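Read off the chains here:
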Amino acid sequence: MSKHFDVIVVGGGPAGYVAAIRAAQLGQSTAVVDNFVYKDGEPSLGGTCLNVGCIPSKALLDSSEQYHKVTNTLSAHGIKASGVELDVKAMIQRKDRVVKDLTGGIAQLFKANNITWVQGHGKLLENKQVQVTRHKGEQETYQAENVILAPGSRPIDIDAAPLDGKRIVNSDGALEFDEVPKRLGIIGAGVIGLEMGSVWSRLGSKVTLLEAQDQFLPPVDQRVAKAAQAEFKKQGLDIRFGARVTSAKTAKNVTVHYEDKKGKQSIQVDKLVVCVGRRPNTGDLFSEDANLLLDERGFINVDDHCQTNLPGVYAIGDVVRGPMLAHKGSEEGAMVAEMIAGQPGHVNYETIPWVIYTHPEIAWVGRTEEALKAAGVPFRSGTFNFGATGRARAMEDLAGMVKVIAHAETDRILGVHIVGPQASELIAEAVVAMEFHASSEDLARTIHAHPTLSEAVHEAALSVSRRAIHKAN
Ligand code: FAD
Ligand code: NAD
């Protein structure tokens, strides 16, 4: 096998594998070095996203939502279900099958695109060489014209709650419970905490989230965050703010000690999930003489085009600045591959959508009202509740709203914030609108099918100029 490639990508997650496929499409000889080994012992492409992140979490969110529908919400439609049984092992097996199908699909795409998959750990040496340590220990050195570093990130651990892999786990472990914990504790009410909390709460756990900050979801528009918080409270998610965890003791169960405004507190849970953020995978990624620069937070230092301080060496995905999102990394991967092939690559960091896959879902793009106020940007906003749309009523899924924010003078859309059913799909319209620099008037004049949830986006856009039809303005 040749050890010389036009492009060597280190990391086969959504940033790295997309970069590799795009590079191969553009005629570059390409190899991907990836060290991930799935729980069955098999090397597996797709990184965190496909193996232990986006995909398995969404598989469990969907399964748990089906269960919750049958046991809770179908009765409102006149459907009575009895004898419903939960088979957690089968649910986890289905999730594993979804993962395997998708990760196997990436391997097929690599074959179809003539991409070499090198299974092992990659380390950048000087002069664009990559040293690979295979899973069995042998080492070999490859030479590249261009190197793309895409090693991703891993969960942050905290000393107050060291993982034991059984009762105290991180997000990987929360995807693998073989029964529903009666009481589930979660440290961190961020994206993973809310998604995994939703899964196990729908299946019957009593879920308590301990959040260090006083505010719920600070990056989210606070009107939307408050609407979501109220829904989560109704669902029984017990979120405790300003909670500083001091220790977690395991015996038959876990006793979590924490301090908040009221003083010293504790809770007893059967399992504890630590999800307090993720940090970049830069350990043993490059040799000292490679002279790769990191930034002050430990991410690989890159410019707007993901170029590192070393010519011909790029870094993309979770290991560089910006949101830790699969689609952000993938876009960076495509951009870098295109630039390497001499094309103009570009990522618009202003229009990266975010989604939190709870029920109701939370989705947004662009800036929040709080950020605009802080920046002194004049704006107008319009809102519309899903409960006032025929479709949400027909679905019996009424909670939530859409908020459209536009510049007060130019009317250009600055942000769209949604909490409600299918927010993850609805946000795409807002992303396209912002990508094309649309005004709220453009959205207001766009015909939306009736009856659809997207009518709430239309009405929120109309509401910016106080002319929504199905509400008093
Ligand atoms: P990764 O996906 O982490 O891939 C990096 C790969 O490189 C891994 O296979 C790793 O083993 C390998 N690697 C690391 N170092 C080396 C090395 N030196 N040599 C060889 N290989 C190496 N994002 C979303 O957009 N939507 C979601 O719904 C979503 N849900 C998530 C749910 C959970 C539970 C978690 C944990 C994350 C979720 N994310 C989600 C975040 C998303 O998974 C990451 O943003 C994304 O995977 C980052 O892609 P990446 O390619 O940069 O890195
Ligand atoms: P996060 O940053 O979303 O949330 C972590 C939370 O933990 C924050 O609210 C923080 O204030 C809190 N926290 C930090 N230290 C704490 C402590 N010691 N005690 C109590 N609370 C503490 O991080 P996450 O939930 O671990 O997720 C990591 C990243 O993975 C996300 O930021 C996101 O980029 C990505 N992700 C995305 C999705 C999605 O797109 N749907 C889903 C899951 C994960």
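## Focus: helix α11 (residues 423-435)
Link 1 in the chain: Under the 1.5 Å per step criterion, the end-to-end length of α11 is 18 Å for 13 residues, consistent within 8% with the ideal 18 Å.
Link 2 in the chain: Considering only its buried residues, α11 is in contact with β17 (354-356), β18 (361-366), β21 (413-420), α12 (440-444) and α13 (454-464).
Link 3 in the chain: His437 lies just past α11 and shows a positive phi near 55°.

## Topic: the site of ligand 2
Link 1 in the chain: Around ligand 2, a shell composed of 20 residues is seen, among which Glu211, Gln213, Gly277, Met324 and Val355 lie nearest.
Link 2 in the chain: Between ligand 2 and Glu195, the relevant distance is 2.8 Å, taken from a nitrogen atom to a side-chain nitrogen or oxygen of the residue.
Link 3 in the chain: Isolated, ligand 2 exposes 830 Å² of accessible area, and the fraction of that covered by the protein chains is 77%.
Link 4 in the chain: Counting residues per element, the ones that place at least two in the shell around ligand 2 are α6 (191-202) and β17.
Link 5 in the chain: Of the residues forming the shell around ligand 2, the biggest block, 3 residues, is contributed by α6.
Link 6 in the chain: Here the shell around ligand 2 is built from residues that sort into 12 nonpolar, 4 polar and 4 charged.

## Focus on the domain arrangement of the protein
Link 1 in the chain: Split into domains, the protein comes out as domain 1 (4-154 + 279-347), domain 2 (168-276) and domain 3 (351-464).
Link 2 in the chain: Placing the centre of domain 1 and that of domain 3 at their C-alpha centroids yields a distance of 30 Å.
Link 3 in the chain: In this assembly, 9 residues from domain 1 lie in contact with 8 residues from domain 3.
Link 4 in the chain: For the pair domain 1 and domain 3, the two sides together bury roughly 720 Å², of which 74% comes from carbon and sulfur.
Link 5 in the chain: Between the two partners, domain 1 and domain 3, sit 0 salt bridges.
Link 6 in the chain: At the junction of domain 1 and domain 3, the tally comes to 2 residue pairs in polar contact (both at pLDDT 80 or more).
Link 7 in the chain: Secondary-structure elements contributing two or more residues to the side of domain 1 that touches domain 3 are α3 (54-73) and α8 (326-340).
Link 8 in the chain: At 3 residues, the largest contribution of residues to the side of domain 1 that touches domain 3 is made by α3.
Link 9 in the chain: When grouped by side-chain class, the residues that make up the side of domain 1 that touches domain 3 number 4 nonpolar, 2 polar and 3 charged.

## Here we look at the packing of aromatic side chains
Link 1 in the chain: This model, assessed by the stated rule, comprises 5 aromatic pairs.
Link 2 in the chain: Look at Phe216 and Phe232: their rings are 6.2 Å apart centre to centre, the planes differ by 80°, and that puts the pair in the edge-to-face class. Of this pair, Phe216 sits in the loop between β9 (206-210) and α7 (222-234) while Phe232 sits in helix α7, and the two are 16 residues apart along the sequence. Comparing Phe216 with Phe232 shows no difference in burial state: the two are buried.
Link 3 in the chain: For the pair Trp354 and Trp364, a centre-to-centre distance of 5.3 Å together with 5° between the ring planes defines the contact as stacked. On the criterion of sequence distance, the pair formed by Trp354 in strand β17 and Trp364 in strand β18 is long-range, its members being 10 residues apart.

## Describing the sheet that holds strand β14 (residues 271-274)
Link 1 in the chain: Taken in spatial order, the 5 strands make up an open sheet running β7-β14-β8-β9-β10, and their pairing is parallel. In this open sheet, the two strands that pair with only one neighbour each are β7 (168-169) and β10 (238-240).
Link 2 in the chain: With 3 bridges joining them, β9 and β10 adopt parallel strand pairing. Bridging from a neighbouring strand, Thr208 pairs with Asp238 of β10.
Link 3 in the chain: Seen against the sheet, α6 touches β8 (183-187), β9 and β10 and runs at an angle of roughly 165° to β9.

## Looking at the sheet that holds β21
Link 1 in the chain: With respect to topology, 5 strands assemble into an open sheet ordered β17-β18-β21-β20-β19, the strand pairing being antiparallel. The outermost strands of the open sheet, each flanked by one partner alone, are β17 and β19 (379-385). Mean inter-strand twist for the sheet, computed between neighbouring axes without regard to direction, equals 10°.
Link 2 in the chain: Relative to β21, strand β20 (residues 401-407) runs antiparallel, the two being bridged by 6 bridges. Its bridge partner lying in β21, Lys403 is registered against His417.
Link 3 in the chain: In the packing of α11 onto the sheet, the strands contacted are β17, β18 and β21, and the crossing angle to β18 comes to about 10°.

Procedures and definitions
- Residues numbered from 1 in each chain as written.
- Chains lettered and ligands numbered in written order.
- Predicted model: local features only at pLDDT ≥ 70, side-chain atom pairs only at ≥ 80, totals over all residues.
- Heavy atoms only, no water.
- Helix = DSSP H or I, 4+ residues; strand = E, 2+ residues; numbered from the N terminus.
- Expected span 1.5 Å × (residues − 1).
- Contact = heavy atoms within 4.5 Å.
- Near = heavy atom within 4 Å.
- Polar contact = N/O pair within 3.5 Å; in protein donor to acceptor, adjacent residues only side chain to side chain.
- Areas by Shrake-Rupley, 256 points an atom, 1.4 Å probe, with all protein chains shown as cover.
- Nonpolar A, V, L, I, M, F, W, Y, C, P; charged D, E, K, R; others polar.
- Domains from an automatic or database assignment.
- Buried area = accessible area lost by both parts, 1.4 Å probe.
- Salt bridge = Lys/Arg side-chain N within 4 Å of Asp/Glu carboxyl O.
- Phe/Tyr/Trp six-rings, centres within 6.5 Å; stacked < 30°, edge-to-face > 60°.
- Buried < 20%, exposed > 50% of the residue type's maximum accessible area, 1.4 Å probe, protein only.
- Pairing = 2+ DSSP bridges.
- Axes fitted to C-alpha atoms, helices over the stretch in contact; angles between N-to-C directions.

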